[in-house]
Every structure is written in C-alpha cells, then in structure tokens.
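# Summary of the model geometry
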Amino acid sequence: MKASLRAKLEQLASRLQELDRLLSEESAAKDMDSFRKLAREHSELSEVVRLFTGFRQAENDAEAAKDMASDPEMRSFADDELKAARERMESLGADLQKVLLPKDPNDEKNTFLEIRAGTGGDESGLFAADLLRMYTRFAERQGWQVELVSASNSELGGYKEVIVKLIGQGAYSKLKFESGGHRVQRVPVTEAQGRIHTSACTVAVMPEVDEIDDVVLNPAEMRIDTFRASGAGGQHINKTDSAVRITHLPTGIVVECQDGRSQHKNKAQALSVLAARIKDQQMREQSAKTAATRKSLIGSGDRSERIRTYNFPQGRMTDHRINLTLYKLDRIMDGELDDIFNALATELQAEQLAELSEVQTPGRVAG
C-alpha cells in the first residue's frame, strides 16, 4: 500500500475515534442538524475503517507467518498462512480503493425529472408519456414519492413537456445517468400501413438545490408572470391567475408551473425548478471541461446526445454509452431499470478506478 494512501487511512481512523467521542457526549443531540451531519459522517467512515483494520490485521498475519517460516517444522504451515494473508490484503486493498472513490455530493438528494418530446410529432409525445410511466413505476418500486410539477399535454394523450419531482433516498444517484436523448422505434398508433417510425425525447435529471446551496436567485434578474391555469382543451380549471411563469434573464431559462391550486405554491415550485436548472447548467459546464480532458464512459449528459434506443418490434433496449443490450423491453418500460442503472454505475466505478490507478502510478504523479 502506498504511503500516501496509508496516511490518509490513518487520518480517517483517527477521525472516526473523534466522531465516537463527539456523538457520545450528552450535548450531542441538542443541535439535531449537527448531530445528523456527524452521524452521517460516522456511517460513511465506519466501513472504510473496518476494511483498513482488516487490512492491517492481514499485514500482521503476514509478518507473523514470515517469522514462523524460519522454523523448518513450521515452514509449510507458514507458507499457507502467508499466502492466505496476502490474498486478504489484495482483496481488502481493492475494496478500500472502491470505498475511497470520490462521491457525488448530490447523490442523496431528491431530483427533478424533465421529459420533452422531440422529433416525431404525436408519437414523440406518446413516448414522453411512456417514459414518464417507466420512471414513475421505478420510483414506486423504490418507495419514492412522485410529485407532478408541470405538464404540457400533447394530442392523443401524450406530453409536449412534463416535469416531476422524485422524493426519496438516493433518487439522484439512481437517475443521474438518464439525461440525454432517448430514441424509440415502433409502429405508431396513427400509422395505418404498419411502418416502423423513429421518434425521440430528451430527458433532463437535475438534483434539488438546497436553500443553503450556492445558487443565488436575484429578484432583479427574474421576470415573473402570472396567468390562468388551463386544462385539456384550453378549459380554465380556475378563475384566478394561479399559474406562474418565471424567466431568468441572465440565462434565458423559463419555468412554468400551473399544477398547484395556489399561486404561492406554483411560484415556490417554479423557483425550485429554476434553481435546479441553473445548478444543472453549472454542473454540465463543469462536466464539459472535465470531459475535454477525459471522455466519460457514461457520456457527458448532453441533452442532444443519444444515449438509448427502445426498439419495440424486437423487444430490445440498447444503451449506446456502454454497449448494453437487453431483450426485455416490456419489463423495462414497466420500471425494471435496476440492470441498466447497475451497469452504468459499474462503468463509472471502473473509470474512476482507472483514473485512481493512473494518479498512483510512480512517475505520473502530478506536482
């Protein structure tokens, strides 16, 4: 194990002891926000320190086996013990690398999911509705709460655009790879000749922004308009101007919300979506800079990037970023997305490990 990595692990072990002391103090629970932060940090460090403790024990076992090997009568037994200890060290070392990989600070946040119809006319709108159902069914399987933020209906029961908020532990971590272009190949219900058409939707996944986060919404930089919310067919669902449209002048981002019954609720929800979009834009700009150095295996998250194809005639789903093809499209459209999400997470982890290995390679360490 490299000296720099060992020093870091020793530091984390000391920090865990300090957290044990802080959490055991009588005054620890007086400030619940602070207590929760300390408890979360303790939970994160416990696994790292457990693995490091096991690694050090395996090191000690290896040293003891070497000492034992000096006795001719014990050499065979010592060789077996040394081999077993080194295997444990290798396995625990690999596990330690994985748990020390950088974590996305947004992973545990709630998320906004935005689906927009693209090329394909009415069929694209119907596919947007299918995607919404797919993600909603997945959310239900996770026990998450789904809130409709805004929806613009298309003909035939689809959506021109729909935004939902998914509330639940790890919502963003599961869905963050979904941003991009989703293409569908199937025979539309409006197709009399039975020909297969191709249409597309774009998906945007944005973590909810905390109130204390670094997105500052300056009232002077926003134009807020109110109007009457309308239902299907243009019929007014109320007689007051409860719907809200917010235009962020510096970025040109426009958010509409009319699902809530009150103007106050719609404004609060629209501001929340606006903050998430601004944060998302900042994250994508940062990702673009990072991708210029090293192209991510899971793509840049660019809305124009085609990430997945849903081929209904063949019952096939293909994720183009990792060359994953699954022949269970009916179950995928019903929300069985774990195989896809796990494969994408594994690819990301493999890339992070490769980067970590490059940094730790002698002669290639920066500075």
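Refer to the preceding data block for the structure.
A few points on the structure. For clarity, every value in this text was computed on a predicted model and none was experimentally measured.

For the rest of this paragraph, the subject is helix α1 (residues 3–24). Every α-helix carries 3.6 residues per turn, so stepping three or four residues along brings you back to the same face. Here α1 is 22 residues long and its end C-alpha atoms lie 32 Å apart, about the 32 Å a rise of 1.5 Å per residue gives. Looking only at α1, the buried set comprises Leu5, Leu9, Leu12, Ala13, Leu16 and Leu19. An end-on view of α1 places all buried positions within 120° of arc, on one side of the element. Exposed side of α1, more than 90 degrees from the buried face: Ala3, Ser4, Gln11 and Gln17 are the residues found there.

Phi is positive for Leu156, close to 65°, though the residue is something other than glycine. Summarising the element assignment, Leu156 is placed in the loop between β2 (145–153) and β3 (159–167). Positioned with a positive phi, Asn323 is a non-glycine residue whose angle comes to about 55°. Assignment of secondary structure puts Asn323 in the loop between β10 (316–319) and β11 (324–326).

At a minimum axis distance of 8 Å, the contact between helix α2 (residues 32–68) and helix α3 (residues 75–99) shows a crossing angle of 160°. Considered as vectors, α2 and α3 are oriented roughly antiparallel to each other. Judged by the sense of rotation from one axis to the other, the crossing of α2 with α3 is left-handed. Grouping the constituent residues of the contact of α2 with α3 by class yields 16 nonpolar, 2 polar and 8 charged.

A word on the pattern of salt bridges. One pass over the full model with this rule turns up 27 salt bridges. The salt bridge partner of Glu18 is Arg15, with a shortest N-O separation of 3.1 Å. Linking Glu18 with Arg15, this pair stays in helix α1, spanning 3 residues, or about one helical turn. With relative accessibility at 24%, the residue Arg15 sits in the partly exposed group. Close ionic contact of Arg50 with Glu47 constitutes a salt bridge, the shortest N to O distance being 2.9 Å. Pair noted here: Arg50 and Glu47 are both in helix α2, with a separation of 3 residues, about one helical turn. On the basis of relative accessibility, which here comes to 35%, the residue Glu47 falls in the partly exposed class. Three or more residues are tied together by salt bridges with common partners; here these are Arg133, Arg137, Glu140, Arg141 and Asp334.

About the criteria used
- Residues numbered from 1 in each chain as written.
- Predicted model: local features only at pLDDT ≥ 70, side-chain atom pairs only at ≥ 80, totals over all residues.
- Heavy atoms only, no water.
- Helix = DSSP H or I, 4+ residues; strand = E, 2+ residues; numbered from the N terminus.
- Expected span 1.5 Å × (residues − 1).
- Buried < 20%, exposed > 50% of the residue type's maximum accessible area, 1.4 Å probe, protein only.
- Arc of directions from axis to C-beta.
- Axes fitted to C-alpha atoms, helices over the stretch in contact; angles between N-to-C directions.
- Parallel < 35°, antiparallel > 145°, perpendicular 65-115°, else oblique.
- Left-handed = near helix turned anticlockwise from the far one by under 90°.
- Nonpolar A, V, L, I, M, F, W, Y, C, P; charged D, E, K, R; others polar.
- Salt bridge = Lys/Arg side-chain N within 4 Å of Asp/Glu carboxyl O.

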